[in-house]
Amino acid sequence: MQLIFSPASPFARKARMVILETGQQDDIELVEVMSSPTAPAPQLTAANPLSKIPALVRPDGPALYDSRVVTRFLDARAGSDLYPESRIWDVLTVEATGDAIMDAGVLMVYENRCRPADMQFGGWMDAQWGKIEGALDALNARWISQLSGPLDMGQISVGCALGYLDFRHADREWRKGRDALDDWFAVFAARDSFKDTAPY
């Protein structure tokens, strides 16, 4: 199998972390591509008609895409427990919260990179950051006990989201006023799978 990815993508980082955490690195070739919304990589488009990263190319069926589909498949393939049935709705909600932070953070980057300067809309950027702040506040106040349990997909998603904020939006200082989330992330970021998938 092949995972088509970009090293800067937090969504691809989720899949790469799952590969490492479940011991599938010898079975899956990582194929790095350079892609953007305005210039998608042909190899990526061939695997995913939406031209979004990541995509998992399988020898025995069509490629899988959307990070949540890819990670669910990898978890099932390995027989691991990153989507535990006993906590499934909480795990999926926390994963969706992490993914939403990534979505908004990536859209902010695209606004700066893909739109001409005279067409960029500061109010829209502020609205995206407002979504991120709301999600961060919810994680800090409501979901810390969930994040502090056994490793699951919600934790991986949130960890990748916070790593992306540090990578692309460090000037926004997401940690301010969110000590519990900051403390949790300091521990999570020490995982080998997180360090080995650092964006560049």
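Keep in mind it's a predicted model, so treat the numbers as computed, not measured.

The rules we used
Residues numbered from 1 in each chain as written. Predicted model: local features only at pLDDT ≥ 70, side-chain atom pairs only at ≥ 80, totals over all residues. Heavy atoms only, no water. Phe/Tyr/Trp six-rings, centres within 6.5 Å; stacked < 30°, edge-to-face > 60°. Helix = DSSP H or I, 4+ residues; strand = E, 2+ residues; numbered from the N terminus. Buried < 20%, exposed > 50% of the residue type's maximum accessible area, 1.4 Å probe, protein only. Lys NZ or Arg CZ within 6 Å of the ring centre and 35° of its normal. Axes fitted to C-alpha atoms, helices over the stretch in contact; angles between N-to-C directions. Parallel < 35°, antiparallel > 145°, perpendicular 65-115°, else oblique. Contact = heavy atoms within 4.5 Å. Nonpolar A, V, L, I, M, F, W, Y, C, P; charged D, E, K, R; others polar.

Looking at the packing of aromatic side chains
Counting across every chain of the model gives 5 aromatic pairs. Ring plane angle 75 degrees and centroid distance 5.8 Å describe the contact between Trp-174 and Phe-185, whose orientation is recorded as edge-to-face. One end of the pair, Trp-174, is in the loop between helix 7 (153–168) and helix 8 (179–188); the other, Phe-185, is in helix 8, with 11 residues separating them in the sequence. Per residue, the accessibility class of Trp-174 equals that of Phe-185, and both read buried. By way of ring pairs, the aromatic residues Trp-174, Trp-184, Phe-185, Phe-188 and Phe-194 are connected into one cluster. Residue placement shows Arg-13 over the ring face of Phe-194; its charged tip is 3.6 Å from the ring centre. Against the face of Tyr-83 rests Arg-72, its NZ or CZ located 4.6 Å from the ring centre.

Side note on the packing of helix 5 (residues 122–142) against helix 8
Here helix 5 crosses helix 8 at 80 degrees, and the two axes come no closer than 8 Å. As summarised for this structure, helix 5 and helix 8 are arranged roughly perpendicular, according to the angle between their axes. On helix 8, the residues that touch Leu-136, Leu-139 and Asn-140 of helix 5 are Asp-179, Ala-180 and Leu-181. Its residues assigned to classes, the contact of helix 5 with helix 8 comprises 4 nonpolar, 1 polar and 1 charged.

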